[in-house]
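Each chain, letter by letter, is given below.
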Number of protein chains: 2
Amino acid sequence: MKVNVVKNILDANDRIAMENRQRFDQCGLFAINLMSSPGAGKTTLLEEMGKGLKNRFKIGVIEGDIQSTIDAERVAKAGLAAVQIETDGACHLDANMIKSSLESLTLDALDLLVIENVGNLVCPAEFNTGEHAKVMLLSVAEGDDKPLKYPLMFRESKVLLISKIDLLPHVRCDVEMIRKTAKGLNPTIRIIEISSYTGQGLDEWHDWLAGQIATHSTHREE
Amino acid sequence: MKVNVVKNILDANDRIAMENRQRFDQCGLFAINLMSSPGAGKTTLLEEMGKGLKNRFKIGVIEGDIQSTIDAERVAKAGLAAVQIETDGACHLDANMIKSSLESLTLDALDLLVIENVGNLVCPAEFNTGEHAKVMLLSVAEGDDKPLKYPLMFRESKVLLISKIDLLPHVRCDVEMIRKTAKGLNPTIRIIEISSYTGQGLDEWHDWLAGQIATHSTHREE
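Only a predicted model underlies this, so the values are computations on that prediction, with no experimental measurement involved.

A. Seen up close, the interface of chain A and chain B. Facing 34 residues of chain A, the contacting portion of chain B comprises 34 residues. Buried area between chain A and chain B, summed over both chains or domains, comes out near 2,800 Å², and the portion from carbon and sulfur atoms is 58%. Note that Lys149 of chain A and Asp71 of chain B form a salt bridge whose closest N and O atoms lie 2.6 Å from each other. Inspection of the chain A/chain B interface yields nine residue pairs in polar contact (both at pLDDT 80 or more). Breaking the side of chain A that touches chain B down by element, the ones donating at least two residues are helix H3 (70-77) and helix H5 (146-149) of chain A. When grouped by side-chain class, the residues that make up the side of chain A that touches chain B number 15 nonpolar, eight polar and eleven charged.

B. Geometry of helix H7 (residues 175-185) of chain B. Residue and element names in this part refer to chain B. Among all positions of H7, only Val175, Ile178, Thr181 and Ala182 are buried. All buried residues of H7 lie within an arc of 135 degrees about the axis, which places them on one face of the element. The exposed set on the far side of H7, more than 90 degrees from its buried face, consists of Glu176, Lys180 and Gly184. Check the buried side of H7 and you find it contacts strand S5 (133-139), helix H5 (146-149), helix H6 (151-156), strand S6 (159-163) and strand S7 (190-193). Sitting at the head of H7, Asp174 places a side-chain oxygen 3.0 Å from the backbone nitrogen of Glu176.

C. View of the relation of the copies chain A and chain B. Mapping chain A onto chain B calls for a rotation angle of 180 degrees and an axial translation of 0.0 Å; the resulting RMSD is 0.0 Å. Both chain copies can therefore be described as sitting about a two-fold axis. The overlap is high: 100% of the interface residues of chain A also sit at the interface in chain B, so the same surface is used on both sides.

D. Just the sheet that holds S5 of chain B, in detail. Residues and elements named next belong to chain B. Strand order in this open sheet of seven strands is S3-S2-S4-S1-S5-S6-S7, and the pairing throughout is parallel. Each having just a single partner strand, strand S3 (81-86) and S7 make up the two edges of the open sheet. With strand direction ignored, the average angle separating the axes of adjacent strands in the sheet is 20 degrees. As paired elements, strand S2 (residues 59-65) and strand S4 (residues 112-116) share five bridges and run parallel to each other. Note that in S4 the partner of Gly60 across the bridge is Leu113.

E. Quick look at the nonpolar core. Formed by 52 residues in total, the largest nonpolar core has its most connected members in Val140, Leu160 and Ile162 of chain A together with Val140, Leu160 and Ile162 of chain B. When residues of this core are traced back to their parent elements, those giving at least two are strand S5 (133-139), helix H6 (151-156), strand S6 (159-163) and helix H7 (175-185) of chain A together with S5, H6, S6 and H7 of chain B. In contact with Val140 of chain B, other than residues within four places in its own chain, are Ile162, Ser163, Lys164, Ile165, Leu167, Leu168, Val171, Cys173 and Val175 of chain B.

F. Main features of the side chain of Asn33 of chain B. Residues and elements named next belong to chain B. By the element assignment, Asn33 lies in strand S1 (residues 30-35). Here Glu131 takes part through its side chain, which lies 3.3 Å from a polar atom of the side chain of Asn33. Setting aside residues no more than four positions away along its own chain, Asn33 makes contact with Ile115, Asn117, Phe127, Thr129, Glu131, Ala133, Lys134 and Val135.

G. Fine view of the sheet that holds S5 of chain A. Residue and element names in this part refer to chain A. The parallel open sheet is built from seven strands, whose spatial order is S3-S2-S4-S1-S5-S6-S7. At either end of the open sheet lies a strand with only one pairing partner, and these are strand S3 (81-86) and strand S7 (190-193). Going across the sheet, the axis of each strand differs from the next one's by a mean of 20 degrees, ignoring polarity. Of the strands in this sheet, strand S1 (30-35), strand S2 (59-65), strand S4 (112-116), S5 and S6 touch helix H2 (residues 42-53), which is tilted by about 165 degrees from S4.

H. Spatial organisation of the packing of aromatic side chains. The final tally for this structure, using the stated rule, is four aromatic pairs over all chains. Arranged with centres 5.9 Å apart and planes meeting at 65 degrees, the rings of Phe30 of chain A and Trp208 of chain A form a pair that is edge-to-face. Taken together, the residues span a long stretch of sequence, with Phe30 of chain A in strand S1 and Trp208 of chain A in helix H8 (residues 202-221) at a distance of 178 residues. The burial state of Phe30 of chain A is the same as that of Trp208 of chain A; both residues are buried. Arranged with centres 5.8 Å apart and planes meeting at 10 degrees, the rings of Trp205 of chain A and Trp208 of chain A form a pair that is stacked. Here Trp205 of chain A pairs with Trp208 of chain A, and both are found in helix H8, just three residues apart, close to one helical turn. Owing to a relative accessible area of 0%, Trp205 of chain A belongs among the buried residues under this scheme. The buried category is assigned to Trp208 of chain A, whose relative accessible area is 12%. Here the aromatic residues Phe30, Trp205 and Trp208 of chain A are joined through ring pairs into a cluster of three or more. The ring of Tyr197 of chain B is capped by Arg172 of chain A, whose NZ or CZ atom sits 3.7 Å from the centre of that ring.

About the thresholds
Residues numbered from 1 in each chain as written. Chains lettered and ligands numbered in written order. Predicted model: local features only at pLDDT ≥ 70, side-chain atom pairs only at ≥ 80, totals over all residues. Heavy atoms only, no water. Contact = heavy atoms within 4.5 Å. Buried area = accessible area lost by both parts, 1.4 Å probe. Salt bridge = Lys/Arg side-chain N within 4 Å of Asp/Glu carboxyl O. Polar contact = N/O pair within 3.5 Å; in protein donor to acceptor, adjacent residues only side chain to side chain. Helix = DSSP H or I, 4+ residues; strand = E, 2+ residues; numbered from the N terminus. Nonpolar A, V, L, I, M, F, W, Y, C, P; charged D, E, K, R; others polar. Buried < 20%, exposed > 50% of the residue type's maximum accessible area, 1.4 Å probe, protein only. Arc of directions from axis to C-beta. Least-squares fit on C-alpha atoms with pLDDT ≥ 70 in both. Pairing = 2+ DSSP bridges. Axes fitted to C-alpha atoms, helices over the stretch in contact; angles between N-to-C directions. Core = buried A, V, L, I, M, F, W, Y, C linked by side-chain atoms within 4.5 Å. Phe/Tyr/Trp six-rings, centres within 6.5 Å; stacked < 30°, edge-to-face > 60°. Lys NZ or Arg CZ within 6 Å of the ring centre and 35° of its normal.

Written as structure tokens, this is what we have:
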């Protein structure tokens, strides 16, 4: 009985996610669902993406937080169009929350939409929001055993950004072990080591985004 | 309707949590529910607690993980009695999971029971397991905005361990800001800065535990 209820919720979520995806495709934008533990550096990365990409692409951000509008304020200051969802206790964003927030963004004008999920390495991976790609951050400060302990998010993600790589000399973390176990769970996952402080890896990340944006915006012309 | 279902689940959980608590009190042990984001250092801290306390106290550990038995193996190697709960996807431990795992521990022989929760700064705070105290870790690598963004866990915890304090020179984190906002949410919260690498703060943490163990084991004599 309980299983059925959960399954119905997920079915309903997937239906709304599909509607969201259709809107994204109609607008010719590329949408990512950005996920990680709390404090892995999602918002700081968005600030850097603002600096590196805002002259080339129009970027919108949906900020998911349990409480506070800190992140949306930071992102808006970085020159990106930001909307805040306060989940009021909920541990993840779902498709319906995204649908409701789309009214506050001029989707037609966007090239890239970033859905910054609640900081949580577990629950957000279970809910599609309509994104084209899930992207996760794992900070080296979190350690190298995380793919084995939180496998679903690694399985679901198209890109793994190993963040705070500048901290590597100061923590016990074997990056090769992360690469090996993540690839074991998800052989096609793209892995990029980044630091928002030193800039390492950001060009590669921005190039990947630019490629995806080009692919998806072509659809607009058709 | 949905609210009622959630409320019933929480009521049922609280009832079982009360039963767990009664067993802990009958056995004269002190039980904590240890919570944090993934990778804030819960298991490494347990290894250090093994070194610092195992000659004085008998310590049992219930390890909660979505998958894998890595942590229980680490803790057992540190000389503590360990039981693993694999939650198979669930993002938190609840009272019933703890109840089921108590059979595998010789509770009468224990002075301290540590319930190491799933790495998640959100959901575990909503579920009592019967513990006497919730204790949370926040790593300085996670940043100083976390009390504002994840307030429930800071409200629920008796002790906040600010972990990985050795990383402070390498990250942007204002510890005074964490102290101020955490105290704003929870004026009686005890805050200790620790590093499992350098040993900073561990004596203070162990002394706090020893005091609590003394208080609770007195009940056994009565």
